[in-house]
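The residues making up each chain are set out below.
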Amino acid sequence: RSAPAGVHRAVQTRTSPGCAGDATCALAPESDRREAVCRQRMIDLHLHTTASDGLHTPAQLVALVHASGITVMGVADHDTLASVPELETLTHEAGIGFVPGIEITAVWLEHDVHLLGYFVDPRSPRLSAFLREQRADRERRARLIGEKLAALAVPIDIEPLVADTGGKAVARPALARLLVEAGYV
């Protein structure tokens, strides 16, 4: 699958000693490198939105990325691709390269492991089914945490968090916010 517009060129840049300051030059034969026009490229491929445990909506995140001078961004929300369609549109409009990604939670040797995937197809039926099951596991875990907290005389209302997620993932920071809102923390 080919990379979105702008990604290929951005990935093919590197710092060059012939450039002034913090600029980068496109890779070129050595004789051309000295003559290359220097241009800064910043890439961040591990961002999150409010679709998982991020603090910003897709629109807010794109605005922040644009203001930061990042030229290519990748969003790897936990176990959901809910933000990808909106991000595809917003990044295109802002002239920012976009890499659709995912951060899948797995367990290995009884430890949480987060696997990152890039250039994923958000329209894949197999991936969508897998992620629905991942999110269902997150909802079951949130309910279990709620039950354990209630048994410790620290009840919080989990239901609004898991009732209608709209394809978003229930993340531990949301549970922490409930504890703060209830006055326990």
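Residues numbered from 1 in each chain as written. Predicted model: local features only at pLDDT ≥ 70, side-chain atom pairs only at ≥ 80, totals over all residues. Heavy atoms only, no water.

Caption draft 1: Fine view of the pattern of salt bridges. Tallied over the entire structure, the rule returns 3 salt bridges. The partner of glutamate 133 in a salt bridge is arginine 140, with the nearest N and O atoms 2.9 Å apart. For glutamate 133, a relative accessible area of 43% corresponds to the partly exposed category. Residue arginine 140 is classed as partly exposed on the basis of its relative accessible area of 45%. Residue arginine 140 pairs with aspartate 137 through a salt bridge whose shortest N-O separation is 2.1 Å. With arginine 140 and aspartate 137 both in helix H5 (residues 125-151) and 3 residues apart, the pair spans about one turn of that helix. Through salt bridges with shared partners, a single network forms among Glu133, Asp137 and Arg140. (Salt bridge = Lys/Arg side-chain N within 4 Å of Asp/Glu carboxyl O. Buried < 20%, exposed > 50% of the residue type's maximum accessible area, 1.4 Å probe, protein only. Helix = DSSP H or I, 4+ residues; strand = E, 2+ residues; numbered from the N terminus.)

Caption draft 2: Expanded view of the environment of alanine 142. Here alanine 142 lies in helix H5. Note on alanine 142: relative accessible area 1%, which makes it buried. As a C-alpha pair, alanine 142 and valine 162 span 20 residues in sequence and 7.9 Å in three-dimensional space. Setting aside its immediate chain neighbours within four residues, alanine 142 contacts Ile158, Val162, Val170 and Leu175. (Contact = heavy atoms within 4.5 Å.)

Caption draft 3: Just H5, in detail. Here H5 spans 39 Å end to end across 27 residues, near enough to the 39 Å set by a 1.5 Å rise per residue. The complete set of buried residues in H5 reads Leu127, Leu131, Gln134, Arg135, Arg138, Glu139, Ala142, Gly146 and Leu149. Where H5 is buried, its residues touch strand E5 (97-108), helix H6 (159-162) and helix H7 (172-181). Positive backbone phi, approximately 65°, marks alanine 153, located one or two places after H5. (Expected span 1.5 Å × (residues − 1).)

Caption draft 4: Region of interest: the pairing of strand E3 (residues 43-47). In this structure, E3 lies alongside strand E4 (residues 72-75), joined through 3 bridges in parallel fashion. The residue bridging aspartate 44 from the neighbouring strand is methionine 73, located in E4. (Pairing = 2+ DSSP bridges.)

Caption draft 5: Examining the nonpolar core more closely. The biggest cluster of nonpolar side chains holds 18 residues, and the ones touching the most others in it are Val65, Met73, Val75 and Leu81. Listed by contribution, the elements that provide at least two residues to this core are helix H3 (58-68), E4, helix H4 (84-94), E5 and H5. Setting aside residues up to four positions removed in sequence, methionine 73 forms contacts with Asp44, Leu45, Leu47, Leu61, Val62, Val65, Leu87, Thr91, Ile96, Gly97, Phe98 and Val99. By size, the runner-up hydrophobic cluster in this structure holds 10 residues, among which are Ala142, Leu149, Ile156 and Leu178. (Core = buried A, V, L, I, M, F, W, Y, C linked by side-chain atoms within 4.5 Å.)

Caption draft 6: Quick look at the sheet that holds strand E6 (residues 111-118). Read across the open sheet, the 4 strands follow the order E3-E4-E5-E6; overall the sheet is mixed. In the strand order of this sheet, the two ends are held by E3 and E6, each with one partner. Across the sheet, the mean angle separating the axes of adjacent strands is 20° when strand polarity is ignored. By the bridge criterion, 8 bridges tie E5 to E6 in an arrangement that is antiparallel. Bridge assignment links tryptophan 108 to a residue of E6, and that residue is histidine 111. Its contacts with the sheet put H3 on E3 and E4, and the angle it makes with E4 is roughly 150°. (Axes fitted to C-alpha atoms, helices over the stretch in contact; angles between N-to-C directions.)

Caption draft 7: Looking closely at unusual backbone geometry. Even without glycine at this site, aspartate 79 takes up a positive phi of about 55°. Topologically, aspartate 79 is positioned in the loop between E4 and H4. Note on aspartate 79: relative accessible area 1%, which makes it buried. Positive phi outside glycine occurs at phenylalanine 119, with the angle close to 60°. A relative accessible area of 34% means that phenylalanine 119 is categorised as partly exposed.

Taken by themselves, the reported measurements are silent on function.
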